[in-house]
Each structure stands twice: as C-alpha cells, then as structure tokens.
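Each chain is listed here by its residues.
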Amino acid sequence: MIKRLEKADQFRVKEIVETIWEGDDYIPRVFEKWVHDPSCYFMGLWKGGRLIGVDNLRLFSRKVGWMEGMRIDPAFQGRGYGKELGGEMLKLAERLGLEKLYFATYFDNTASIKMNEAFGFKRIAVFTNLEREICESTSCSINLLESDEFPEIDDHISEDWMFIPKEVLNKRRFLNNPVKLLDGANWAIVSKNSKSKGCLDINYIEVADKDSLEYFLKELVCYAQAKGFVHIHAMASELCDLGPFLSNGFRPFERTEDVFLYYADVSSLRV
C-alpha cells in the first residue's frame, strides 16, 4: 500500500535514511517542504503497518512529472520493494493524467537504472555533477549585472539534481530566489540550492563564444563569494567543455559524466 506522507511520519523517514550517503541524505532537509507542497505527491510504502519506503512525484505541469527521492529502508532491501514502490508511483502518474515522466540518477545506481529501464525509461542525456568550495579568497573584478528578467529557456535547466524539462514553461517557479546575471552577451540563471545550505546553483549558462566561458565562470564564483555562499554547483552537459570549469576549481564527485537523465512516455510504461 502507498499513501501520502504526513508530518507525523517525519521521524520514521529519518530512521530510513539515517545511514544513506553516510548520514548526509537530503531527504530530512526537504521532508516538510515536500509534504506541504501541493505539486508534490510524497508517498510512502507500508508493509505490515510499518513505513519501509518513500518516493516523490513532482508535477511540473498537468502533463509533465519528475520522480525523485526513492528510498527503501536498508533492512528491507533486496526483497523487491523498490520495484513495487516504483510500479505504484508509475500507476499514480497515470491516474493523475501525466503524459511525460523524467528522473535523474547517479551512474553507479545500477539497481535503479535496471529497474527503470525495465519499466520503459530511456536515457536521454548525461551530465557532470560539479561543485567547488569557496573557502579561499578569490580575487577578480565582477562586472555582472543582476536582473529579475527570466527568459523562457528552450532547454533543460538544473536545480541541484533536478532537471526542469525544456517543454515546461515558467521554470522560475521551481527555483529558489533565481537571478539572471549578465556580462555583455553572456548570461546565467543562478539560485539558492534547495537541498544544500550555503550553496549557489548555476541553473543555466548562455555564452556568446566558448572562449569567454572561463572568465564568466570566474565572475560567477566571485559573485557567489561576495554573496556569502560557501559552495557553488553546476550540472555540465556532456556536450560542454569541462576545461573552463576545472580551471576555475570545479570538481566532479567521483568521475565525469556521472549523472544520467531519463525519460518515458507514460503511455508506453510497462508496469
């Protein structure tokens, strides 16, 4: 049985995730937000009256959804409960009238990849998860202009590990205090990372020419430092040259091209 999680389930959810990612799982930090967000179906799987798994379905629109945050209590893993929960969430998406579903996963999450490819998801893009600490002084002049303008971007844009698909309009509503930063013809959308305190997310970058990316990134790092952030994060497409990021101190977690973006038409899912 799956049903929506409530505030009273918070302690049990913390128990489920307390050993995941060496105790640094983001789920406790977003629990209340997901429970109260009307665009989220934050669901739990119960067995014998005990909550053993969670998963979130976020509605980007009436037709487009995002899957995130599936967790199964380590004590109950290996029994097929992940597949059961995943299947129930896909049935929920169908009942809600969704037509398109997306999710992202880490390259070595082979169980999730195998399960979702069996459901009918296809990998459509690969990204490199990049982050830089801003603990040392970085000296540079900042020529960036801030703007409240948020153009319609015909591409996927990222927020932490979430990718807002290109077909979704009014993407800014899914970002935390977004700002457009401009330096001549170069511009970027940045926002406060919703899952990591003190982190500035680079959600999207548009540069006039590739040669200007390195300096533009340096300006973005200096901007983050000036605003009091201690980390800066970006998801770089597999089509992007990582050189300018690496020369500005950005580093991948384990390897490059480590984040896989998946997509499925709901009507084609095999549940």
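Conventions used here
Residues numbered from 1 in each chain as written. Predicted model: local features only at pLDDT ≥ 70, side-chain atom pairs only at ≥ 80, totals over all residues. Heavy atoms only, no water. Helix = DSSP H or I, 4+ residues; strand = E, 2+ residues; numbered from the N terminus. Contact = heavy atoms within 4.5 Å. Buried < 20%, exposed > 50% of the residue type's maximum accessible area, 1.4 Å probe, protein only. Arc of directions from axis to C-beta. Core = buried A, V, L, I, M, F, W, Y, C linked by side-chain atoms within 4.5 Å. Salt bridge = Lys/Arg side-chain N within 4 Å of Asp/Glu carboxyl O. Axes fitted to C-alpha atoms, helices over the stretch in contact; angles between N-to-C directions. Parallel < 35°, antiparallel > 145°, perpendicular 65-115°, else oblique. Left-handed = near helix turned anticlockwise from the far one by under 90°. Nonpolar A, V, L, I, M, F, W, Y, C, P; charged D, E, K, R; others polar. Pairing = 2+ DSSP bridges. Lys, Arg positive; Asp, Glu negative; His and termini not counted. Polar contact = N/O pair within 3.5 Å; in protein donor to acceptor, adjacent residues only side chain to side chain.

**Thoughts on the environment of Leu213**
As for its position among the elements, Leu213 is in helix α5 (residues 213-226). Expressed as a C-alpha distance, the spacing of Leu213 and Phe245, which sit 32 residues apart in the sequence, is 8.5 Å. With residues near it in sequence (within four places) discarded, Leu213 still touches Ile205, Val207, Cys240, Asp241, Pro244 and Phe245.

**Observations concerning helix α2 (residues 27-36)**
Those residues of α2 lying buried are Ile27, Val30, Phe31 and Trp34. One side of α2 carries all its buried residues, which in axial view fall inside an arc of 140°. Next to the buried residues of α2 lie α1 (10-17), β2 (40-47), β3 (50-59) and β4 (64-72).

**A few points about the nonpolar core**
Ranked by internal contacts, the top residues of the largest apolar core, which has 28 residues, are Leu57, Met89, Leu101, Phe121 and Leu269. Elements with a contribution of two residues or more to this core: β2, β3, β4, α3 (81-95), β5 (100-106), α4 (110-119) and β15 (259-265). Residue contributions to this core peak at six residues, all from α3. Excluding its chain neighbours within four sequence positions, the residues that come into contact with Leu269 are Leu90, Leu101, Phe119, Gly120, Phe121 and Ala264.

**A few points about unusual backbone geometry**
Positive phi values are uncommon outside glycine, yet Asp160 reaches one of about 55°. Mapped onto the elements, Asp160 comes out in the loop between β8 (157-159) and β9 (162-164). Residue classification places Asp160 among the buried residues on the basis of a relative accessible area of 11%.

**Quick word on the pattern of salt bridges**
Summed over all chains, the structure comprises 14 salt bridges. With its nearest N and O atoms 3.4 Å apart, the salt bridge here joins Arg29 to Asp24. Judged by relative accessible area, which is 47%, Asp24 ranks as partly exposed. A salt bridge links Asp160 to Lys195; its shortest N-O distance comes to 3.9 Å. Of this pair, Asp160 sits in the loop between β8 and β9 while Lys195 sits in the loop between β11 (186-192) and β12 (199-206), and the two are 35 residues apart along the sequence. Taken as a pair, Asp160 and Lys195 share a single burial class, namely buried. What emerges from the salt-bridge pattern is a single network uniting Arg12, Glu15 and Asp73.

**With respect to the packing of α1 against α2**
For the pair α1 and α2, the least separation of the axes is 10 Å and the interaxial angle reads 150°. With respect to their mutual orientation, α1 and α2 come out roughly antiparallel. Along this stretch, α1 crosses α2, giving a crossing that reads as right-handed. In this structure, α1 uses Gln10, Val13, Lys14 and Val17 to contact α2, whose residues at the interface are Ile27, Pro28, Phe31 and Glu32. In terms of residue class, the contact of α1 with α2 is made up of five nonpolar, one polar and two charged.

**Here's the deal with the pairing of β15**
Counting buried residues in β15 gives six out of seven residues, a clear majority hidden from the surface. Here β5 runs beside β15; their pairing, made up of seven bridges, is antiparallel. Residue pairing for β15: Thr105 is matched across the bridge by Phe260. For strand β6 (residues 122-133) and β15, the ladder comprises five bridges, and the chain directions are antiparallel.

**What about the side chain of Glu159?**
Along the chain, the position of Glu159 falls in strand β8. The buried charged residue Glu159 lacks any salt bridge, with Lys195 as its nearest oppositely charged partner at 5.4 Å. Engagement of the side chain of Glu159 in a polar contact is seen with the backbone nitrogen of Ser194, the distance being 2.9 Å.

**Looking at the environment of Arg173**
Locating Arg173 in the fold gives a position in the loop between β9 and β10 (179-183). Along the chain, Arg173 and Pro151 lie 22 residues apart, while their C-alpha atoms are 13 Å from each other. Residues in contact with Arg173, not counting those within four places in the same chain, are Phe60 and Val168. Within polar-contact distance, the side chain of Arg173 engages the backbone oxygen of Phe60 at 3.0 Å. A polar side-chain atom of Arg173 sits 3.0 Å from the main-chain carbonyl oxygen of Asn170.

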